[in-house]
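# Examining the three-dimensional arrangement
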Amino acid sequence: MLKGRRPSVFAWLLSAASIWLPLSLAQAQDAEEEEYKPQLPDVAIYKAMLDANKQTGWVQFRNYDDRQLIYFTALQTMHCRLSEIRYSINSDALDRRFPLAKCNPQIPFNLPADETAEYVYISLPADTAKSLTIQAVWDDGAGSEIVVYKPCDNVGDATCAQIKTIKKPSKQLQQPKPADSPVRSVQAPIPGKTFSEPTPSSATRPAVE
């Protein structure tokens, strides 16, 4: 009697194995083929970009149609690793903030599509800014050196900037809130970061003739 049952038990084990093995292989394959999520370039790359752009200008001044435009294009290309762009006009207060675009890790260096110029430049009455003090703040709260730029002389309506002075931060920066960081959607929040942010300056796009 017992001998008669052995083939059926053996057949059942083979049948179970034939079902389990393909399922296990499929699950293992699914685990290996987990979708890759885009990662931001290392912050060291952005810091090298910042340093490379220092001489030519983190900002650029331009005279246009009786207005003075100040472009923040160089810094905006680094928006995925910045939490703030701090600046001030004709003072060292750093009491203004230039808005940062939302980070898309698939295109981390792209400028935002912007029809209002809010993320590109500010527009001031002609000859308003004799100097602009600026500092970049990284997504971990560390601040760059502080650079004071001035408009170039006798360049017409060309975009240009000259370094007036370079300063080192006198003290540790207050760290920004994770909610105000453009990398909030692709990076874990950093606890305990707070700062008070003034309203960004308005900007208007010049008419194209």
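Above: the structure in question.
Residues numbered from 1 in each chain as written. Predicted model: local features only at pLDDT ≥ 70, side-chain atom pairs only at ≥ 80, totals over all residues. Heavy atoms only, no water.

### Topic: the pattern of salt bridges
- On inspection of all chains with the given rule, the structure shows six salt bridges.
- Of the charged contacts, one joins Lys 54 and Glu 145 as a salt bridge, the two residues approaching to 2.5 Å between their closest N and O atoms. Taken together, the residues span a long stretch of sequence, with Lys 54 in the loop between α2 (43-52) and β1 (60-64) and Glu 145 in the loop between β6 (132-138) and β7 (146-150) at a distance of 91 residues. For the pair shown, Lys 54 and Glu 145 are each scored as buried.
- Through salt bridges with shared partners, a single network forms among Asp 51, Lys 54 and Glu 145. (Salt bridge = Lys/Arg side-chain N within 4 Å of Asp/Glu carboxyl O. Helix = DSSP H or I, 4+ residues; strand = E, 2+ residues; numbered from the N terminus. Buried < 20%, exposed > 50% of the residue type's maximum accessible area, 1.4 Å probe, protein only.)

### Digging into the nonpolar core
- With 28 residues, the main nonpolar core has Ile 70, Phe 72, Leu 132 and Ile 134 as its most contacted residues.
- Looking at this core, the elements with two or more residues in it are α2, β3 (82-89), β5 (121-125), β6 and β7.
- Those residues in contact with Ile 70 that sit more than four places away from it in its chain are Val 59, Gln 60, Phe 61, Val 120, Tyr 121, Ile 122, Leu 124, Ala 129 and Leu 132.
- Grouped together as the second largest cluster of nonpolar side chains are five residues, Tyr 64, Tyr 71, Ala 117 and Tyr 121 included. (Core = buried A, V, L, I, M, F, W, Y, C linked by side-chain atoms within 4.5 Å. Contact = heavy atoms within 4.5 Å.)

### Concerning the pairing of β3
- Taking burial as the measure, the eight residues of β3 include eight buried ones, the bulk of the element.
- Pairing analysis gives seven bridges linking β3 to β6, with the strands arranged antiparallel. When the sheet's bridge partners are listed, Ile 89 is paired in β6 with Leu 132.
- Both β3 and strand β4 (residues 96-97) contribute to a ladder of two bridges, which runs antiparallel. Among the inter-strand pairings, Tyr 87 is bridged to a residue of β4, identified as Arg 96.
- What sits between the antiparallel neighbours β3 and β4 is a turn of six residues, in which Asn 90 has the positive phi angle 60°. (Pairing = 2+ DSSP bridges.)

Keep in mind these numbers describe shape, not what the thing actually does.
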